[in-house]
Amino acid sequence: MKLSLRELAEQVSLTASFLSQVERGLASPSIESLRAISKALDVPVFHFLIDMEGYNPVIRAGERRQLILPQANITYELLTPVNRKMEIIMATLEPTDGDIPLIHHQHTEECIYVLEGELEVALSDEVYVLQAGDTIYFEGAILRRLAGRGDKTVRYLAIITPPIF
């Protein structure tokens, strides 16, 4: 990306020596650091998690890349190959009282399809409650909140372009 380690380190509030260790496989960044690095380099987070050599367009159910946020009772599974123009993520939210942590980008178009449970979606000043089978389409910049409703597991697909993971 024509950035030195020092320049990237300044952008992501990490040290150049730590980034060098990550680059050489001697250290592993936290999810927060990985998000900051991916944002600074304008690549999805999953870009760093798989090797594009031997690329395969099929994503087997047992081989999906996952991002698990235990403190939020949510699991994200990437259903599409990385480094494409669109991504599909399946989110599974166990019953909880809190909001779903937002992982969004200002310049996206997104569609959510609820597979099961009830999902509350706040866009700008409007709040929508979606049931299984419902969809909602929006510009990523207006997403304010996602939350599960009720005492059942919520599962939904998020179709996003350009990719954010």
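Residues numbered from 1 in each chain as written. Predicted model: local features only at pLDDT ≥ 70, side-chain atom pairs only at ≥ 80, totals over all residues. Heavy atoms only, no water.

## Brief notes about the overall build of the protein
What counts is decided by this rule: Each helix corresponds to a stretch of at least 4 residues labelled H or I by DSSP, and each strand to a stretch of at least 2 residues labelled E; elements are numbered beginning at the N terminus. Atoms counted for the radius of gyration: C-alpha only. Globule rule: 2.2 Å times the number of residues to the power 0.38. Note on exposure labels: buried denotes an accessible area under 20% of the residue type's maximum, exposed denotes more than 50%, and partly exposed covers the range between, all computed with a 1.4 Å probe on protein chains only. We call two residues in contact whenever any of their non-hydrogen atoms come within 4.5 Å of each other. Reported accessibility uses the Shrake-Rupley method at a 1.4 Å probe radius. Residues are deemed covered only where the shown protein chains occlude them. In this tally, Lys and Arg are treated as positive and Asp and Glu as negative; His is ignored, and so are the chain termini. Charge positions come from single atoms, namely NZ of Lys, CZ of Arg, CG of Asp or CD of Glu.
A tally of regular secondary structure across the protein gives 3 helices and 9 strands. Going from N to C terminus, the protein has its helices and strands arranged as α-α-α-β-β-β-β-β-β-β-β-β. Relative to the globule expectation of 15 Å for 165 residues, the C-alpha radius of gyration of the protein, 17 Å, shows essentially globular dimensions. Seen through its principal axes, the protein has C-alpha atoms that stretch 45 × 35 × 30 Å. Burial statistics for the protein: of 165 residues in total, 35% are counted as buried. Here the contacts in the protein between residues at least 6 apart in sequence split such that 57% fall between residues at least 24 apart. Just so you have it, the protein exposes about 9,800 Å², and 49% of that area is on carbon and sulfur atoms. Between the mean site of the 15 positive side-chain charges and the mean site of the 23 negative ones, the protein shows a separation of 5 Å.

## Side note on helix α1 (residues 5–12)
Selection rule: This arc corresponds to the set of directions leading from the helix axis out to the C-beta atoms.
Restricting attention to buried positions, one finds in α1 the residues Leu-8, Ala-9 and Val-12. Seen end-on, α1 carries its buried residues on one side only, within an arc spanning 105°. Turned more than 90 degrees from where α1 packs its buried face, Arg-6 and Glu-10 sit exposed. As for α1, its buried residues are in contact with α2 (16–23) and α3 (31–41).

Purely geometric stuff here, so don't read any function into it on its own.
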